[in-house]
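# Close look at the chain arrangement
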Amino acid sequence: MKRRTFLTGTTATLAAGIAASFAPATARQATVKPAALKPGDEVRLIAPAGAIFDRVRLEIAAENMMGLGLKPTMGSFVRERHGYFAGTDEERAVDIMAAFEDRNTKAVFALTGGWGAARTLPHLDFDMIRVNPKIVIGYSDITALLNAVHTKTGMTTFHGPNGTSRWRPAVVEMAKQILFEGKSPTIKNPVPNYDSLAQHRLRVQTVVPGQTEGVLVGGNLTVLTALAGSPYMPDMTDKILFLEDVGEAIYRVDRMLSTLQLSGALEKASGIVFGGFTDVGNDGDGYGAFALMDIFEHYAGIANVPAFYGAPFGHVASNGIMPIGTRARLDADAGTISLLEPSVS
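Residues numbered from 1 in each chain as written. Predicted model: local features only at pLDDT ≥ 70, side-chain atom pairs only at ≥ 80, totals over all residues. Heavy atoms only, no water.

### Points about the sheet that holds strand 7 (residues 205-208)
Applicable threshold: Should DSSP find at least two bridges between two strands, the strands are taken to pair. Only DSSP runs of H or I with at least four residues qualify as helices, and only runs of E with at least two residues qualify as strands; both kinds are numbered from the N terminus onward. Any two residues whose heavy atoms approach within 4.5 Å are treated as being in contact. Every axis in this analysis is a line fitted to C-alpha atoms, fitted for helices over the stretch in contact. Angles between the N-to-C directions lie between 0 and 180 degrees.
Across the sheet, which stays open at both edges, the eight strands sit in the order 6-14-13-8-9-10-11-7 with mixed pairing between neighbours. Here the strands that pair on one side only, and so sit at the sheet edges, are strand 6 (186-187) and strand 7. Bridge count for strand 10 (residues 271-278) against strand 11 (residues 307-309) is three bridges, and the pairing is parallel. Along strand 11, the bridge assignment pairs isoleucine 272 with alanine 307. Together, strand 7, strand 10 and strand 11 form the strand contacts of helix 12 (residues 292-303), whose direction differs from that of strand 7 by roughly 40°.

Now the structure itself:
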């Protein structure tokens with residue numbers, strides 16, 4: 001971890017007092033761990049963001065939950081439509097709050113991403129959520145909800161498959177270890193069997209070598225960057241920042257990482273993990289174009305923290321579970337993230 005000293009003496013004392021009074025929730029509160037899941041637990045499927053126009057996806061989500069040994073129930077507004085949202089902002093917020101208020105509901109699974117979870121945040125009662133901790137899991141646009149809940153309550157949340165995702169065997173096994181059994185596995189890419197001399201897929205690339213420790217925060221780069229400057233953005237001090245995205249041009253990835261740099265987030269972080277950057281296209285051909293790795297090296301180099309690319313989370317087939325709020329060890333040379341504590345109680 002980095003330690004920088006800018007102030008000394010009484011000036012530093014005064015500044016520290018001022019900073020403490022404005023520190024975000026995560027800097028002041030102990031981590032709140034939700035209870036582990038048990039087979040037969042009732043869980044709620046909600047749609048905090050995009051509408052689901054193909055009803056069979058609701059059936060698939062329910063079957064996914066049953067395949068995990070859980071009893072699914074649906075939020076009241078998951079079939080509603082308001083433009084491209086699953087109901088109005090207030091209706092989607094009602095479903096979120098109802099899931100936390102219901103004592104029978106043991107976990108909250110987002111059905112899908114899209115866009116819109118951030119619009120529900122002003123309508124949520126974070127004090128009520130804090131005293132009713134539950135597993136909440138999803139990814140992509142659900143990044144906004146996951147980080148806001150953690151920032152405002154100190155509760156561990158889970159960046160992982162949505163209810164309608166393909167829950168592949170390796171991801172199911174990870175869910176059992178992290179969400180049911182309270183284990184602390186090491187997250188790393190599987191080694192595929194190839195009939196070729198070199199590995200072409202699922203490669204880990206070291207961006208900045210080294211090892212570090214910190215609390216995991218992050219998710220979808222586009223959505224997380226959109227929280228910058230809001231009270232829902234996590235404090236990045238000594239955090240391991242994990243990022244993923246899909247369908248962006250390289251220059252937009254550059255622009256978003258620039259925003260995190262200019263806001264001070266990258267400088268505060270203790271490490272950076274880049275997961276799937278799926279269908280991220282080149283900005284052009286020729287010697288003037290940047291590769292995605294050029295962008296990662298630029299910003300991780302400025303931050304001067306251990307970083308690697310290729311971790312198994314995001315819009316990839318092996319979308320693993322990254323617990324926001326759990327302390328972990330990052331090894332940028334080995335391309336691993338080792339959880340150092342259980343994420344559930």
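### Here we look at helix 10 (residues 250-262)
Stated precisely, the cut-off is as follows: A helix is expected to span 1.5 Å for every residue after the first. Using a 1.4 Å probe on the protein chains alone, a residue whose accessible area is under 20% of its type maximum counts as buried, one over 50% counts as exposed, and one in between counts as partly exposed.
Between its terminal C-alpha atoms helix 10 stretches 18 Å, which fits the 18 Å expected from 13 residues at 1.5 Å a residue. Within helix 10, the full set of buried residues consists of Ile250, Val253, Met256, Leu257, Ser258 and Leu260. Contacts from the buried residues of helix 10 go to helix 9 (221-226), strand 9 (239-246), helix 11 (265-268), strand 10 and helix 12. Just downstream of helix 10 lies glycine 264, where phi reads positive at about 90°.

### Quick notes on the sheet that holds strand 5 (residues 157-159)
Pairing between sheet strands relies on hydrogen bonds along the backbone, with the strands arranged either parallel or antiparallel. Taken in spatial order, the six strands line up as 2-1-3-4-5-12 in an open sheet, and their pairing is mixed. Both outer strands of the open sheet, strand 2 (71-74) and strand 12 (322-324), are each paired with one neighbouring strand and no more. Going across the sheet, the axis of each strand differs from the next one's by a mean of 25°, ignoring polarity. With respect to the sheet, helix 3 (residues 56-67) is in contact with strand 1 (42-46), strand 2 and strand 3 (105-110), its orientation differing from that of strand 2 by roughly 150°. Strands strand 4 (135-138), strand 5 and strand 12 of the sheet are contacted by helix 7 (residues 143-153), whose axis makes an angle of about 155° with strand 5.

### Some points on the side chain of arginine 92
Put simply, the rule is: What qualifies as a polar contact is a pair of N or O atoms within 3.5 Å, subject to a donor-acceptor requirement within protein and to the restriction that residues adjacent in sequence count only when both atoms come from side chains.
Relative to the helices and strands, arginine 92 resides in helix 4 (residues 89-101). Only 2.8 Å separates the side chain of arginine 92 from the backbone oxygen of proline 48, close enough to count as a polar contact. Only 2.9 Å separates the side chain of arginine 92 from the backbone oxygen of glycine 116, close enough to count as a polar contact. Filtering out sequence-adjacent residues up to four positions away, arginine 92 remains in contact with Ala47, Pro48, Ala49, Phe85, Ala86, Gly87, Gly116, Ala117, Arg119 and Thr120.

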